[in-house]
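Observations on the three-dimensional arrangement
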Amino acid sequence: MTAWFKRKEKGIQTATEEKKDTPKGLWYKSPTGKIVESDDLAKNFYVSPEDDYHVRIGSKEYFEILFDDNKFQELDEKLSSKDPLKFEDTKKYSDRLKAAKAKTGLNDAVRAAIGKSKGKDLVVACMDFSFIGGSMGSVVGEKIARAIDVAKKKKVPFLMISKSGGARMMEAALSLMQLAKTSAKLAQLAEAKIPYISLCTDPTTGGTTASYAMLGDINISEPGALIGFAGPRIVKDTTGKELPEGFQTSEFLKEHGFLDFIAHRRDLKNKVNLYIDLITNQPVRKEKELAS
């Protein structure tokens, strides 16, 4: 029997520069060591199917999940940060902004949009951790405030997706002012009786937790998300006590009353819209409709 494959040349040596590398991004390895193909990960709402690990994603992916057919109108797309304090540490803040824009293709750490979700209008503001750690600067606060204004004007529910390391230190007090501004805007939204849903994702820390992330009519999270104000090490050093197991995870916070429920990413669109139907006293859309 003749072999189907025969090597015509012996001792083949391929130069290093000619070797074919495996393209990056074909597989994803979760923190527990599970390997999953990137295409399968995307089809599974960016959740590792073997260990249910929720991969950290940004506004692009959340908009795909939440908006019908990924159709939406972005709000204040071109708004971007300046450097009013001429801040400089190991690098100029202006240079950090340029680098972040080039690396991410984003103008700042939050994007806002309005579109149909299960056939009804929804305003979504979503933070991007890839842009300077999702830090909250003046533009982040302003874009969130303007998104809230759109929700109020059009009488449309507002969803805030937080993913942040906290206030942007390069803007100092200007950054901290955004806590008060966004909180005041949310108070106006509450007066207008328009639903506000806060989704805390991994990680939600610092000034975001101290302001809009915990001010929702309903506060929800994804499984396993880190949520807190200061980091565990700071809390431990300050209190001088050992921290409970799972401290600052979404499961721990739900157990202690800080969150209303935890939503798996595949159920996120259904859960958000079901809550909106209930709180606005509208007929609950059928599961078949919600699954579209």
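Sequence order sets the numbering: in each chain, residues are counted from 1 along the sequence as written. For a predicted model such as this one, the threshold for reporting local features is a pLDDT of at least 70, and the threshold for listing and counting side-chain atom pairs is 80 or more; totals across whole chains, interfaces and linings nevertheless cover every residue. Excluded from the side-chain calculations are hydrogens and water; all other atoms, namely the structure's heavy atoms, are used.

**Quick look at unusual backbone geometry**
- That bond from D202 to P203 is cis: its omega, -5°, falls within 30 degrees of zero.
- Only runs of H or I of at least four residues qualify as helices and only runs of E of at least two qualify as strands under DSSP, and these elements are numbered from the N terminus. Locating P203 in the fold gives a position in strand β7 (residues 196–204).
- Phi angles above zero are rare outside glycine, and Y46 is one such case at about 60°.
- For K118, which is not glycine, the phi torsion reads 60° and is therefore positive.

**Overview of the confidence of the model for the chain**
- Confidence scores here are pLDDT values: one per residue, from the predictor, ranging 0 to 100. Model confidence for the chain is summarised by a mean pLDDT of 90, while 89% of its residues fall at 70 or above.
- Only heavy atoms enter the contact rule, under which two residues are in contact if any of them lie within 4.5 Å. Under a pLDDT of 50 for its full length, residues 16–24 has, in the predicted model, two contacts with residues more than four places off or in other chains.

**A few points about the pattern of salt bridges**
- Salt bridges are defined by distance alone: a side-chain nitrogen of Lys or Arg within 4 Å of a carboxyl oxygen of Asp or Glu. Under the defined criterion, the tally for this structure stands at 18 salt bridges.
- In this structure, E74 and R111 form a salt bridge, with 3.0 Å as the shortest nitrogen-oxygen distance. On the criterion of sequence distance, the pair formed by E74 in strand β3 (residues 73–75) and R111 in strand β4 (residues 110–117) is long-range, its members being 37 residues apart.
- Three labels apply to residues, based on accessible area from a 1.4 Å probe with only protein chains included: buried if under 20% of the type maximum, exposed if over 50%, partly exposed otherwise in between. A residue is classified by how much of its surface remains accessible, and R111, at 15% relative accessible area, is buried.
- D277 serves as the salt-bridge partner of K120, at 3.5 Å between the closest nitrogen and oxygen. Taken together, the positions of K120 in strand β5 (residues 120–127) and D277 in helix α8 (residues 268–279) put the pair 157 residues apart, joining distant regions of the chain.

**Overview of the sheet that holds β3**
- Taken in spatial order, the seven strands line up as β3-β4-β5-β6-β7-β8-β9 in an open sheet, and their pairing is mixed. Whereas interior strands pair on both sides, the edge strands pair on one side only; in this sheet they are β3 and β9 (261–262).
- Any two strands are treated as partners once DSSP identifies two or more bridges connecting them. Looking at chain direction, strand β6 (residues 158–164) and β7 are connected through six bridges and run parallel. Across the sheet, M160 pairs through a bridge with S198, a residue of β7.

**A word on the pairing of β6**
- Within β6, seven of the seven residues are buried, leaving the element largely enclosed by the surrounding structure.
- Of the two faces of β6, the one lined by F158, M160, S162 and S164 and the one lined by L159, I161 and K163 are each fully buried.
- Bridging between β5 and β6 involves four bridges; their strand directions are parallel. In the strand pairing of β6, V124 is matched with L159.
- After leaving β6, the chain enters helix α5 (residues 172–191) and then returns to the sheet as β7, a path that is right-handed. Orient the strands so they point away from the viewer; a crossover is then right-handed if the path from the first strand over the helix to the second runs clockwise.

**Digging into the nonpolar core**
- One finds V123, V140, I144, F158, M160, L189 and Y212 to be the most contacted residues of the largest nonpolar core, which totals 29 residues.
- Secondary structure elements with two or more residues in this core: α3 (93–104), β4, β5, α4 (138–154), β6 and α5.
- No other element matches the five residues that α4 contributes to this core.
- Sequence-distant contacts of I144, that is, excluding residues within four places in its chain, are made with V110, F158, M160, T182 and Y212.
- Membership of the second largest hydrophobic core comes to 23 residues, among which are Y46, F67, L199 and I218. To define a nonpolar core, start from buried Ala, Val, Leu, Ile, Met, Phe, Trp, Tyr and Cys residues and group those joined through side-chain atoms within 4.5 Å.

**Notes on the side chain of T201**
- Mapped onto the elements, T201 comes out in strand β7.
- With a relative accessible area of 0%, T201 lands in the buried category.
- At 2.7 Å, the side chain of T201 and the backbone oxygen of S162 are in polar contact.
- Not counting residues up to four positions away in its chain, the partners in contact with T201 are Y62, I161, S162, K163, E222, A225 and L226. Under the rule applied, a polar contact is a pair of N or O atoms within 3.5 Å (in protein, one hydrogen donor and one hydrogen acceptor; residues adjacent in sequence only if both atoms are side-chain atoms).

**A short note on α5**
- A helix's residues, less one, multiplied by 1.5 Å, set its expected span. Its 20 residues place the ends of α5 30 Å apart at the C-alpha level, agreeing with the 28 Å of an ideal helix rising 1.5 Å per residue.
- Within the span of α5, buried status applies to S175, Q178, L179, T182, L186 and L189. Down the axis of α5, the buried set is contained in an arc of 100°. They therefore lie on one face. In this structure, α5 carries L176, M177, A180 and E191 as exposed residues pointing more than 90 degrees from its buried face.
- Looking at the packing, one finds that the buried side of α5 touches α4, β6 and β7.
- K193, located one to two residues past α5, shows a positive phi value of around 60°. Directions pointing from the helix axis toward each C-beta atom define the arc.

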